[in-house]
Amino acid sequence: MGKKIFSGVQPTGNLHLGNYLGAIKNFVKLNNDNENDCIFCVVDLHAITVKQNFEELRNNIRETVATFIACGINHEKSIIFNQSAVPAHSEAAWILSCVARMGWLNRMTQFKEKAGKDKERASIGLYSYPILMAADILLYDSSHVPVGEDQKQHLELCRDIAQKFNNDYSVGTFFKAPEPLIQKQFARIMSLKDGTKKMSKSELSDLSRINLTDDKDVMVNKIKKAKTDALPIPGSIDELKKRPEAKNLLGIYSSLMDLTLEKSIYEFEGKNFSEFKSKLSQVLVEKINPISLEIKKLINEKKFLDKILFDGHVKANNIASKKLKKIHEIIGF
Ligand code: AMP
Ligand code: TRP
């Protein structure tokens, strides 16, 4: 039986290697399996949980679609749309916010990280963000949700919300509890400047990440400048435990090459980082540069990108509005 795949990516610019290796690469694999129904959503309502510039947001929505296509997602075999174009998402999020409990949301570590020390000044949207994410997933009866490691807790919350709604309204399995699809290895790509921090769009230093639109030379330079340590590459995973930067770079190499970490370690054991880095740069350019060139080409094809979003939103709206209608009936509206 095929899977009902749903995932979302925020149009906040700077899509990076972490997004690709942690999530989008997996979207492509799932999309290539003809048995699966895939929906990929550009989650613009999630993006405005922090202040966005009007013009940049518009461009970033298109750039996210361009990135999906450049990475290999087939828009004829999937639904690609932006969240704000389907009003059922916001409405279902409100309804589910009456089901979710404060205590559940208070445990979300991503909110704590993003809000930082000054929680009082964070937007309410940033706090209730996982509820909107649950609405995204549940409106489409999604069975599987491919995401990076950082979204695992949000997926668990989604399952709790689905179950509580089903229990509260005695509706059996009206909402399907989705399974997260998180890669076993390399589901968390770390910053090139600090192997204990996630590679992220919002990190101030651009040297901390490989953007999917970086030029060849920029990529090579970032790998050259990536933090390492003085020791040569070890011979076992165990020895990498206290060397987060080395582990991350070897992880990136393995993920790009579809190798296990063990195999990569075996290949580079005893070698120094300059040798390893030059091989890593070569592989990175080989795999990511074609994507980068394609994004830059597609980003100018506004009509093509807008048509994908338009067609996608019609199909998504058709599914989501029917589910929302049933939710209304269950609640008594
Ligand atoms: P976002 O850019 O936050 O919308 O994330 C889009 C997808 O990329 C989500 O599935 C994230 O879990 C994934 N992702 C983001 N950053 C990383 C990272 N550093 N390593 C692995 N996956 C990531
Ligand atoms: N919260 C996700 C992130 O920041 C994006 C997202 C929104 C999502 N809705 C989703 C992911 C539904 C999977 C399914 O990465």
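Everything numeric in this text was worked out from a predicted model, so none of it was measured.

## Some words on the pattern of salt bridges
Oppositely charged side chains can form a pair if their charged atoms are brought close together.
In step 1: Across all of its chains, the model carries 19 salt bridges by this definition.
In step 2: The residue Asp118 makes a salt bridge to Arg121 at a minimum N-O spacing of 3.7 Å.
In step 3: Of the residues examined, Asp118 reaches a relative accessible area of 41% and is grouped as partly exposed.
In step 4: Measuring nitrogen to oxygen at the nearest pair gives 2.7 Å for the salt bridge that ties Arg243 to Asp229. In this pair, Arg243 is assigned in the loop between helix 9 (216–225) and helix 10 (244–257) and Asp229 in the loop between helix 9 and helix 10, connecting sequence segments 14 residues apart.
In step 5: Overlapping salt bridges bring together Asp206, Arg209, Asp214 and Lys222 as one network.

## Re the side chain of Gln52
In step 1: On the secondary structure map, Gln52 appears in the loop between helix 2 (44–47) and helix 3 (54–71).
In step 2: There is a polar contact of 3.0 Å between the side chain of Gln52 and the backbone oxygen of Ala47.
In step 3: Ignoring sequence-local partners within four residues, the contact set of Gln52 consists of Thr12, Ala47 and Leu57.

## Re the site of ligand 1
In step 1: What surrounds ligand 1 is a group of 17 residues, the closest being Gln10, Gly148, Asp150, Ile189 and Lys201.
In step 2: At a separation of 2.9 Å, an oxygen atom of ligand 1 approaches a polar backbone atom of Gln10.
In step 3: Interatomic distance of 2.4 Å between a side-chain N/O atom of Asp150 and an oxygen atom of ligand 1.
In step 4: For the shell around ligand 1, the element with the most residues is helix 1 (residues 17–32), which contributes four residues.
In step 5: Here the residues of the shell around ligand 1 sort into six nonpolar, seven polar and four charged.

## Notes on helix 13 (residues 302–331)
In step 1: With 30 residues, helix 13 extends 41 Å between its outermost C-alpha atoms, agreeing within 8% with the 44 Å of an ideal straight helix rising 1.5 Å per residue.
In step 2: Of the positions making up helix 13, those classed as buried are Leu305, Ile308, Leu309, Gly312, His313, Ala316, Ala320, Lys323, Leu324 and Ile327.
In step 3: Next to the buried residues of helix 13 lie helix 3, strand 3 (78–82), helix 4 (88–97), helix 7 (124–138), helix 8 (152–168) and helix 12 (273–298).
In step 4: Gly332 occupies a position one or two residues after helix 13 and carries a positive phi of about 105 degrees.

## Observations regarding the site of ligand 2
In step 1: Taken together, the neighbourhood of ligand 2 is formed by 13 residues, with Gln10, Tyr129, Met133, Asp136 and Gln151 sitting nearest.
In step 2: For ligand 2, an oxygen atom lies 2.5 Å from a polar atom in the side chain of Tyr129.
In step 3: Here Gln151 contributes a side-chain N or O atom positioned 3.1 Å from a nitrogen atom of ligand 2.
In step 4: When ligand 2 is considered free in solution it has 360 Å² of accessible area, and contact with the protein chains removes 91% of it.
In step 5: A total of four residues in the shell around ligand 2 trace back to one element, the largest contributor, which is helix 7.
In step 6: Tallied by class, the residues present in the shell around ligand 2 amount to seven nonpolar, five polar and one charged.

## Concerning the environment of Glu239
In step 1: By the secondary structure assignment, Glu239 is in the loop between helix 9 and helix 10.
In step 2: A distance of 3.0 Å separates polar atoms of two side chains, one belonging to Glu239 and the other to Ser236.

Each value, and the rule that gives it
Residues numbered from 1 in each chain as written. Chains lettered and ligands numbered in written order. Predicted model: local features only at pLDDT ≥ 70, side-chain atom pairs only at ≥ 80, totals over all residues. Heavy atoms only, no water. Salt bridge = Lys/Arg side-chain N within 4 Å of Asp/Glu carboxyl O. Buried < 20%, exposed > 50% of the residue type's maximum accessible area, 1.4 Å probe, protein only. Helix = DSSP H or I, 4+ residues; strand = E, 2+ residues; numbered from the N terminus. Polar contact = N/O pair within 3.5 Å; in protein donor to acceptor, adjacent residues only side chain to side chain. Contact = heavy atoms within 4.5 Å. Near = heavy atom within 4 Å. Nonpolar A, V, L, I, M, F, W, Y, C, P; charged D, E, K, R; others polar. Expected span 1.5 Å × (residues − 1). Areas by Shrake-Rupley, 256 points an atom, 1.4 Å probe, with all protein chains shown as cover.

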